[in-house]
Amino acid sequence: MRIEVMEGILDENGRIADRVNARLQENGVFCVNIMGAPGAGKTTSLIRILENLTTRRPAVIEGDIESDIDTQTLRRLGVQTLQINTGGACHLDAPLIEKAVSDLSLSDNSVLFIENIGNLVCPAEFMIGEHVKMLIATVAEGSDKPYKYPLAFEKAAGILVNKVDLIPHLDFDETFFMAGIRALNRDVPVFKVSGRTGEGFREVAAWIESKAAQTNASH
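My aim in this report is to walk through the structure given alongside it, one point at a time. (Residues numbered from 1 in each chain as written. Predicted model: local features only at pLDDT ≥ 70, side-chain atom pairs only at ≥ 80, totals over all residues. Heavy atoms only, no water.)

1. Remarks on the side chain of N13
Reasoning step 1: Residue placement: N13 occurs in helix α1 (residues 2–26).
Reasoning step 2: A polar side-chain atom of N13 sits 2.7 Å from the main-chain carbonyl oxygen of M127.
Reasoning step 3: If sequence neighbours within four positions are ignored, N13 has contacts with D93, A94, P95, F126 and M127. (Helix = DSSP H or I, 4+ residues; strand = E, 2+ residues; numbered from the N terminus. Polar contact = N/O pair within 3.5 Å; in protein donor to acceptor, adjacent residues only side chain to side chain. Contact = heavy atoms within 4.5 Å.)

Structure follows, in structure tokens:
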């Protein structure tokens, strides 16, 4: 019975996610679902990406269990940002995003970033209307994460390896890490970045804008 209930939840979530995606597509909005563990540097990376966007107007949905610290930071930077607090749930879902999208002012040629709850498990399981999932991992988390949390790495359309400036100070096995990724997701682009220095984010922003242009051209 538990399996049947879970399947029902996922099916309904999927239908709503498709509806959100269609609405965004109709309005020329490209959507990125940002996943990563707590402390991976999701918000810092997002800010760095926004600094390097050249062709898209950004908007952000911030997901947290509690607090609006990141939302306030983004709003001070002039970014249209909406906060969702789940009150304990470990991921955002499509019904939450559908309501949030209706409360945002999104125009043609926008890119909507959804920063999901800090978690390497649940966010990978649920579609929320995005065009792509983008995973942020860090060298500080260790090189075994693709092996321990395979679904997040398998579902990602792009992977950021953050905090690469710390590699000289850590026992991070990049060969082992990349082998794990390639076993799950052979062709996914992997970007080495540093939220502290800004390294690598120009390439990430260019990749997002290229994906957005391809998506618009295919519809």
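2. Considerations on the packing of aromatic side chains
Reasoning step 1: According to the stated counting rule, one finds four aromatic pairs in the structure shown.
Reasoning step 2: Aromatic pair Y147 and F176: ring centres 4.3 Å apart, planes at 15°, arrangement stacked. Placement of the pair is Y147 in helix α6 (residues 145–148) and F176 in helix α8 (residues 174–184), with a sequence separation of 29 residues.
Reasoning step 3: Relative to F177, the ring of F172 has its centre 5.2 Å away and its plane inclined at 55°; by these criteria the two rings are tilted. Here F172 matches F177 in class, with each residue buried. (Phe/Tyr/Trp six-rings, centres within 6.5 Å; stacked < 30°, edge-to-face > 60°. Buried < 20%, exposed > 50% of the residue type's maximum accessible area, 1.4 Å probe, protein only.)

3. Section: the environment of F172
Reasoning step 1: Here F172 lies in the loop between β6 (158–162) and α8.
Reasoning step 2: A C-alpha to C-alpha distance of 20 Å links F172 and V188, two positions 16 residues apart in sequence.
Reasoning step 3: In this view, F172 contacts V139, G142, S143 and F177; residues no more than four positions away in its chain are not counted.

4. Observations concerning the pattern of salt bridges
Reasoning step 1: Inspection of the entire model under this criterion finds ten salt bridges.
Reasoning step 2: In this structure, K192 and E174 form a salt bridge, with 2.6 Å as the shortest nitrogen-oxygen distance. Residue K192 is located in strand β7 (residues 190–192), and its partner E174 is located in helix α8; the two are separated by 18 residues in the primary sequence.
Reasoning step 3: Judged by its relative accessible area of 46%, K192 falls in the partly exposed class.
Reasoning step 4: Residue class for E174 comes out partly exposed when judged on its relative accessible area of 31%.
Reasoning step 5: Of the charged contacts in the structure, one is a salt bridge between D187 and R186, with a shortest N-O distance of 3.6 Å. Neither D187 nor R186 differs from the other in exposure class; each is exposed.
Reasoning step 6: It is possible to trace a salt-bridge network through shared partners that takes in D144, K145 and K148. (Salt bridge = Lys/Arg side-chain N within 4 Å of Asp/Glu carboxyl O.)

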